Amino acid sequence: MFRDGSFMAFRFAGSKTLCAFERVTWLATIASGVGHPDTKRTRRGEKDTFFHIQVQSVGSTEKGRHVLISDLPGEIFPTVLSTQEVCDEQLALARADHLVFFVDCGSIVDIAKRHSERDMACRFLSQVNKCRHDPAALQITVVFSRWDKVAASASRQDHEEYCNVIESDIRQRFASSFGGLSFDRIA
């Protein structure tokens, strides 16, 4: 994405985990020979695994920012939601400066799943708020992922309105709890 210009304001400045990025994305490359791009699932037993990337603002003379991306398996979230102890064990949450949380729009466009997706997002943020020693130091970005599911839907307006309701609900509940709260939509 750095090569194709997707990150216009930033440039790649290095990584200490390029081989790890290559391992997890191998099945998404042409060289792997698979017919349909895929990515390996993170195993549930993996804890405190991070990917490192350094980025630099275009035109800046500063060294850049180091970004550590936690690789937590999605299957851990129901356990984090159910017990405070498991949430407390997630050291990455306790040490993070910025947390990016994904809301799956594939579930939002499914009327049977949309309410549980909203509830899960709010419960997760509530747990994070409880397990942080200083939640006001944490920046939160909520990403409505797979936005293409909303955009392609015949009921697009209804789904967009529901996403706006989720955003409003999260702002109302958590704006004063965390150091910052922002929202993005990605396909």
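I will try to describe carefully the structure that is included in this document.

Criteria and cut-off values
Residues numbered from 1 in each chain as written. Predicted model: local features only at pLDDT ≥ 70, side-chain atom pairs only at ≥ 80, totals over all residues. Heavy atoms only, no water. Helix = DSSP H or I, 4+ residues; strand = E, 2+ residues; numbered from the N terminus. Buried < 20%, exposed > 50% of the residue type's maximum accessible area, 1.4 Å probe, protein only. Contact = heavy atoms within 4.5 Å. Expected span 1.5 Å × (residues − 1). Pairing = 2+ DSSP bridges. Axes fitted to C-alpha atoms, helices over the stretch in contact; angles between N-to-C directions.

**Quick word on the overall build of the protein chain**
- In terms of regular secondary structure, the protein chain is built from 8 helices and 6 strands.
- Beginning at the N terminus, the succession of helices and strands in the protein chain can be written as β-α-β-β-α-α-α-β-α-α-β-α-α-β.
- Over its C-alpha atoms, taken along the principal directions, the protein chain stretches across nearly 45 × 40 × 40 Å.
- Per-residue burial for the protein chain yields a buried fraction of 33% across its 187 residues.
- For the protein chain, the share of sequence-separated contacts (at least 6 apart) that also reach a separation of at least 24 residues comes to 66%.

**Structural notes on helix α6 (residues 114-131)**
- Here α6 contains 18 residues, and its C-alpha end-to-end distance of 26 Å stays within 8% of the 26 Å for a straight helix at 1.5 Å per residue.
- Restricting attention to buried positions, one finds in α6 the residues Arg114, Glu117, Ala121, Cys122, Phe124, Leu125, Gln127, Val128 and Cys131.

**Some thoughts on the sheet that holds strand β4 (residues 98-104)**
- Pairing in this open sheet of 3 strands is parallel, and the strands run β4-β5-β6 from one edge to the other. Each end of this open sheet is capped by a strand with a single partner; those strands are β4 and β6 (180-185). Between one strand axis and the next, the sheet turns through 20° on average, direction left out of account.
- Bridge count between strand β5 (residues 139-145) and β6: 6 bridges; the pairing is parallel. Of the residues in β6, the one forming a bridge with Ile140 is Leu181.
- Contacting β4 and β5, α6 crosses the sheet at an angle of about 165° to β4.

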